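Now for the letters of each chain:
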Amino acid sequence: MSAEIISGKEISDQIYSLLAGRIENLTQKFGRPPGLAVVLVGDNPASQVYVRMKTKKCAELGVFSEEIRLNADASHAEVMRHVQELNQRTDIDGILVQLPLPVQCNEPEILNAIAPEKDVDGFHPVNVGNMLIGEPTFLPCTPYGVWYMLKASGHSPEGKHVVIVGRSNIVGKPIFAILCQKRAYANATVTMCHSRTANLPEITRQADILIAAIGSPEFVKKNMVKPGAVVIDVGINRVDDPSSQRGYKLVGDVDFDEVREVASAITPVPGGVGPMTIAMLLCNTVYSFERRNNVNDHLRIL
Ligand code: GUN
């Protein structure tokens, strides 16, 4: 058996078609486009790539975007000052502080300083709480993208056993919170595993839907996957590749070549979950604009 490939590129393009007309109408109606500010501290290469991709997509869709780039030695107070300024700006609907932050910055304090109504990453504790209790809120972009991909590809998690490998605040925990909700396209039985889980392969082999988000290249092998399972790979890892011009290649947390032989469907890396993250960020930015302008029939993808 060779698995169906779930293309995040194709699904995200469908979202962009839906958003493009909506953004044009909103810009005409309110006399300004939705606005997104991204704060990037330091020169982490992966973060630079993400921020560039976000800015490019905003430009393509007619969303105003502003990048605030600070040196790697920027102080905690300086980052806080920028966040507070952005909170006050009427032309900015979404604020995203790119993670990870350098050690001198207190990450929880900075995320806590973002106005919850502009928190398009869904990382503010108020929004995390609302997500957990199933109230409407900004969902973190990667988990939101995973959920949307399952829905759009016809692999509803309802009644299924979903096993998540990885317990990060930005991926594993929110996916857990979203998929266990009492709601259409959720209603899953969710198990969370992590680096200290005993007998991990025994548990992952019980998954109808297996979600890998551990940040370890090609960690999930064939023997960890039940035949016929749907496998979602959230990992993006750079590994050395002397045969490539740039000297590295991108691989996921799943050994794609091995696992595609047993899974019924699988997401590739690149071109899987990655493109979904940016699409959902733009959904959240449009949603924020609409909420801030009291649009009643606001964007509701969830
Ligand atoms: N770093 C890795 N993923 C993300 C994300 O979704 N949002 C932010 N702000 N930083 C990240």
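- An unreviewed UniProt entry lists the protein chain under the name Bifunctional protein FolD, from Candidatus Auribacter fodinae.
- Per UniProt, the protein chain carries the Pathway (unreviewed entry) text "One-carbon metabolism; tetrahydrofolate interconversion."
- One UniProt comment on the protein chain, placed under Sequence similarities (unreviewed entry), says "Belongs to the tetrahydrofolate dehydrogenase/cyclohydrolase family."

### Observations regarding the overall build of the protein chain
- Secondary structure summary: the protein chain contains 10 helices and 11 strands in total.
- For the protein chain, the C-alpha radius of gyration of 19 Å lies close to 19 Å, the compact-globule estimate for 302 residues.
- The dimensions of the protein chain, computed from C-alpha atoms along their principal axes, are 55 × 45 × 35 Å.
- A burial count over the protein chain gives 50% of its 302 residues as buried.
- The contacts of the protein chain with a sequence gap of at least 6 include a subset with a gap of at least 24, amounting to 70%.
- Total accessible area computed for the protein chain in this model is approximately 13600 Å², and 51% of it derives from carbon and sulfur atoms.
- In the protein chain, which carries 30 positive and 33 negative side-chain charges, the distance between the mean positions of the two groups comes to 3 Å.

### Focus: the packing of aromatic side chains
- One pass over the structure, following the stated rule, counts four aromatic pairs.
- One aromatic cluster is present, built from ring pairs that chain together Tyr144, Trp147 and Tyr148.
- Stacked on the ring of tyrosine 16, the Lys or Arg lysine 57 has its end atom at 4.2 Å from the ring centre.

### Section: the pattern of salt bridges
- Under the definition given, this model contains 12 salt bridges.
- In this structure, arginine 292 and aspartate 93 form a salt bridge, with 2.6 Å as the shortest nitrogen-oxygen distance. Taken together, the positions of arginine 292 in helix H10 (residues 273-292) and aspartate 93 in the loop between helix H3 (76-88) and strand E4 (94-97) put the pair 199 residues apart, joining distant regions of the chain.
- What makes arginine 292 partly exposed here is its relative accessible area of 30%.

### With respect to the UniProt feature "domain: Tetrahydrofolate dehydrogenase/cyclohydrolase NAD(P)-binding" (unreviewed entry) in the protein chain
- In the UniProt entry, the feature "domain: Tetrahydrofolate dehydrogenase/cyclohydrolase NAD(P)-binding" (unreviewed entry) is given for residues 140-292.
- Taken end to end, residues 140-292 has its terminal C-alpha atoms 19 Å apart, with 32% of it in helix and 18% in strand.

### Some details on the site of the ligand
- The local shell around the ligand consists of Leu96, Val97, Gln98, Leu99, Asp121, Phe123 and Ile170.
- In this structure, a nitrogen atom belonging to the ligand sits 2.8 Å away from a main-chain N or O atom of valine 97.
- At 3.3 Å from a nitrogen atom of the ligand is found a side-chain nitrogen or oxygen belonging to glutamine 98.
- Of the residues in the shell around the ligand, the class split is five nonpolar, one polar and one charged.

### Structural notes on the UniProt feature "domain: Tetrahydrofolate dehydrogenase/cyclohydrolase catalytic" (unreviewed entry) in the protein chain
- The UniProt record marks residues 6-121 with the feature "domain: Tetrahydrofolate dehydrogenase/cyclohydrolase catalytic" (unreviewed entry), using the residue numbering of this structure.
- Annotated as 52% helix and 16% strand, the span residues 6-121 places its first and last C-alpha atoms 24 Å apart.

### Side note on the sheet that holds strand E3 (residues 64-70)
- Spatially, E3-E2-E4 is the arrangement adopted by the three strands of the open sheet, whose pairing is parallel. Edge strands, defined here as strands with exactly one partner in the open sheet, are E3 and E4. Pairwise comparison of adjacent strand axes, ignoring direction, gives a mean angle of 15° for this sheet.
- Bridging between strand E2 (residues 35-41) and E4 involves four bridges; their strand directions are parallel. Within E4, the residue paired with valine 38 across the bridge is leucine 96.

### As for the state of the cysteines
- Summed over all chains, the structure comprises zero disulfides.
- Free of any disulfide, cysteine 180 has its nearest cysteine sulfur in cysteine 193, 15 Å distant.
- Here cysteine 283 stays free of any disulfide, with the sulfur of cysteine 141 as its closest cysteine sulfur at 9.0 Å.
- Judged by relative accessible area, cysteine 283 falls into the buried class, the value being 1%.

### Things to note about the sheet that holds strand E8 (residues 230-233)
- Taken together, six strands build an open sheet; the order of strands is E1-E11-E8-E7-E5-E6 and the sheet is parallel. Each of the sheet's edge strands pairs with one partner strand only, and the pair in question is strand E1 (4-5) and strand E6 (189-193).
- Judged from the four bridges that link them, strand E7 (residues 209-212) and E8 form a sheet pairing that is parallel. Bridge assignment links leucine 210 to a residue of E8, and that residue is valine 231.
- Along the sheet face, helix H7 (residues 172-179) touches strand E5 (161-165), E6 and E7 and points at about 170° away from the line of E6.

Cut-offs applied
Residues numbered from 1 in each chain as written. Predicted model: local features only at pLDDT ≥ 70, side-chain atom pairs only at ≥ 80, totals over all residues. Heavy atoms only, no water. UniProt positions renumbered as here; feature names shortened; annotations may be inferred. Helix = DSSP H or I, 4+ residues; strand = E, 2+ residues; numbered from the N terminus. Rg over C-alpha atoms; globule rule 2.2 N^0.38 Å. Buried < 20%, exposed > 50% of the residue type's maximum accessible area, 1.4 Å probe, protein only. Contact = heavy atoms within 4.5 Å. Areas by Shrake-Rupley, 256 points an atom, 1.4 Å probe, with all protein chains shown as cover. Lys, Arg positive; Asp, Glu negative; His and termini not counted. Charge placed at Lys NZ, Arg CZ, Asp CG, Glu CD. Phe/Tyr/Trp six-rings, centres within 6.5 Å; stacked < 30°, edge-to-face > 60°. Lys NZ or Arg CZ within 6 Å of the ring centre and 35° of its normal. Salt bridge = Lys/Arg side-chain N within 4 Å of Asp/Glu carboxyl O. Near = heavy atom within 4 Å. Polar contact = N/O pair within 3.5 Å; in protein donor to acceptor, adjacent residues only side chain to side chain. Nonpolar A, V, L, I, M, F, W, Y, C, P; charged D, E, K, R; others polar. Pairing = 2+ DSSP bridges. Axes fitted to C-alpha atoms, helices over the stretch in contact; angles between N-to-C directions. Disulfide = S-S within 2.5 Å.

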